[in-house]
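# Structure at a glance
One-letter residues, chain by chain:
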Amino acid sequence: MALAISSLMSHGRIATGLIANLLSSICIVFINKWLYVQYGFPNMTLTLIHFLVTWLGLYVCQKLDLFAPKRLNLSKIILLALSFCGFVVFTNLSLQNNTIGTYQIAKTMTTPVIIVIQSMYYKKTFSTKIKMTLIPITLGVILNSYYDVKFNLLGIIFASLGVFVTSLYQVWVGSKQHELQVNSMQLLYYQAPLSSAILIVIIPFFEPVIGEGGIFGPWSFSALMMVLFSGIIAFLVNLSIYWIIGNTSPVTYNMFGHFKFCITLLGGYILFQDPLSLNQGLGILCTLCGILAYTHFKLSEREEGKSRLVQRP
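Owing to the predicted nature of the structure, the values given are computational and were not obtained by experimental measurement. (Residues numbered from 1 in each chain as written. Predicted model: local features only at pLDDT ≥ 70, side-chain atom pairs only at ≥ 80, totals over all residues. Heavy atoms only, no water.)

### Focus on the nonpolar core
- One finds Leu 58, Ile 77, Phe 84, Leu 187 and Leu 199 to be the most contacted residues of the largest nonpolar core, which totals 32 residues.
- Broken down by secondary-structure element, the contributors of at least two residues to this core are helix H2 (43-63), helix H3 (78-97), helix H7 (153-180) and helix H8 (184-206).
- At nine residues, H8 tops the list of elements feeding residues into this core.
- Not counting residues within four places of it along the chain, the set of residues in contact with Ile 77 comprises Leu 180, Leu 187, Tyr 190, Gln 191 and Leu 194.
- The next biggest cluster of nonpolar side chains, apart from the first, holds 21 residues, and it includes Leu 22, Ile 31, Tyr 36 and Ile 100. (Core = buried A, V, L, I, M, F, W, Y, C linked by side-chain atoms within 4.5 Å. Buried < 20%, exposed > 50% of the residue type's maximum accessible area, 1.4 Å probe, protein only. Helix = DSSP H or I, 4+ residues; strand = E, 2+ residues; numbered from the N terminus. Contact = heavy atoms within 4.5 Å.)

### Points about the environment of Val 88
- Inspection of the secondary structure puts Val 88 in helix H3.
- The exposure class of Val 88 is buried, given its relative accessible area of 14%.
- Taking the C-alpha atoms as reference points, Val 88 and Thr 166, separated by 78 residues in sequence, lie 7.9 Å from one another.
- Discounting chain neighbours no more than four positions away, the residues touching Val 88 are Thr 47 and Phe 51.

### Quick notes on the side chain of Thr 166
- Along the chain, Thr 166 turns up in helix H7.
- For Thr 166, a relative accessible area of 9% puts it in the buried group.
- The residues contacting Thr 166, other than those within four sequence positions of it, are Phe 87, Thr 91 and Thr 110.

### With respect to H7
- Helix length check: H7, at 28 residues, gives a terminal C-alpha distance of 40 Å against a target of 40 Å (1.5 Å per residue), a fit within 8%.
- Gln 181 occupies a position one or two residues after H7 and carries a positive phi of about 55°. (Expected span 1.5 Å × (residues − 1).)

### As for the confidence of the model for the protein chain
- Mean pLDDT over the protein chain works out to 81, with 84% of the residues at or above the 70 mark.
- Averaged pLDDT values over the elements of the protein chain bottom out at 66 in helix H10 (residues 250-271) and peak at 92 in H2. (pLDDT = per-residue confidence, 0-100.)

### Considerations on the packing of helix H5 (residues 110-121) against H7
- Where H5 meets H7, the closest approach of the two axes is 9 Å, and the angle between their N-to-C directions is 55°. On the basis of the axis angle, H5 is oblique to H7. Pair H5 / H7 crosses with right-handed handedness. In contact with Thr 110, Val 113, Ile 114, Ile 117 and Gln 118 of H5, H7 contributes Val 163, Phe 164, Thr 166, Ser 167, Leu 168, Gln 170 and Val 171. (Axes fitted to C-alpha atoms, helices over the stretch in contact; angles between N-to-C directions. Parallel < 35°, antiparallel > 145°, perpendicular 65-115°, else oblique. Left-handed = near helix turned anticlockwise from the far one by under 90°.)

### A closer look at H3
- End to end, H3 covers 29 Å across 20 residues, agreeing with the expected 28 Å (1.5 Å per residue, within 8%).
- With 14 of 20 residues buried, H3 is to be regarded as a mostly interior element.

### Considerations on the packing of aromatic side chains
- Applying the stated criterion across every chain yields a total of nine aromatic pairs.
- Here the aromatic rings of Phe 67 and Tyr 189 are separated by 5.8 Å at their centres, their planes lie at 70°, and the arrangement is edge-to-face. With a gap of 122 residues between them, Phe 67 in the loop between H2 and H3 and Tyr 189 in helix H8 connect regions that are remote in the sequence. This pair shows no difference in class: Phe 67 is buried, exactly as Tyr 189 is. (Phe/Tyr/Trp six-rings, centres within 6.5 Å; stacked < 30°, edge-to-face > 60°.)

### Some words on the pattern of salt bridges
- Inspection of the entire model under this criterion finds one salt bridge.
- We note a salt bridge from Lys 176 to Glu 179, for which the minimum N-O separation is 3.4 Å. Of this pair, Lys 176 and Glu 179 are both found in helix H7, three residues apart, which corresponds to roughly one turn of the helix.
- For Lys 176, a relative accessible area of 17% puts it in the buried group.
- Take Glu 179: its relative accessible area is 46%, and that puts it in the partly exposed class. (Salt bridge = Lys/Arg side-chain N within 4 Å of Asp/Glu carboxyl O.)

### Concerning the side chain of Asn 43
- Inspection of the secondary structure assignment puts Asn 43 in helix H2.
- By relative accessible area, which is 4% here, Asn 43 ends up buried.
- Those residues in contact with Asn 43 that lie beyond four places of it in its chain are Tyr 36, Val 89, Asn 92, Leu 93, Gln 96 and Glu 207.

### Let's talk about the packing of H7 against H8
- Two elements in contact, H7 and H8, have axes whose closest approach is 10 Å; the angle formed by their N-to-C orientations is 110°. On the basis of the axis angle, H7 is roughly perpendicular to H8. Facing Tyr 169, Val 173, Lys 176, Gln 177 and Leu 180 of H7, the residues of H8 in contact are Ser 184, Leu 187 and Gln 191.
- Of the residues contributing to the contact of H7 with H8, the split by class is four nonpolar, three polar and one charged. (Nonpolar A, V, L, I, M, F, W, Y, C, P; charged D, E, K, R; others polar.)

So, in structure tokens, the structure goes:
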């Protein structure tokens, strides 16, 4: 009886974590888009607020002993902090200037770009099956972008820059965690305030600070509450991702990611009335098939690798 109750509680915690990640990941996209469309809130300033709230949240977490900070040399993570700024700013600019569908589909190009970077600069090899899955992913992104009724060249440029910098960031995060022997929360604990400091220096050159459109401008109470809520949700996204990776299998994490992808696309078309042509629909379907195939082959190869290790005398 005690075992059954323990198992039920464990499944309940996992379900709660997955639901929290689902709601926060979808909410952050829609809230940010709403802030850009309805209030015209400045992009980099919103990113700065997200970083500060994330650092404050992590500070509370370490005080609650949810993780133990590890002292790091800031010079070793300065490039990582810069890429963190770039990836969030360009991704938000993509969201600001594209439909949610194009924004979401463009992000799937991160996988092909990471494979190219790791192949060219880290001499990592990938199987032919994995490489072949990049064809439908790329073809789907091109189809969706080309037939997007609200095609925006500036939005595509921001999306492309976002994909490139995000790919660099993800590659560097993996290598830095291995090099410094830290987990994602320990790394983010130093990275968030350092990235905030970088943005504080940069923002005055690109966005107003006071007056109309500035962080200290005449914003309504509802706009400020939405910005604060957006920052809290951004922190919850980071926290729930960390929890899911630590408490579920790679299969659960990846499959749940695909589910969020579909829900976010659907929500964009419903909430913001983004038009969807037949060719765009085919592009989305093509990309989704490529993502599912990539996940299937990647997880199969991982399991084969584990089997070989177990069988080795």
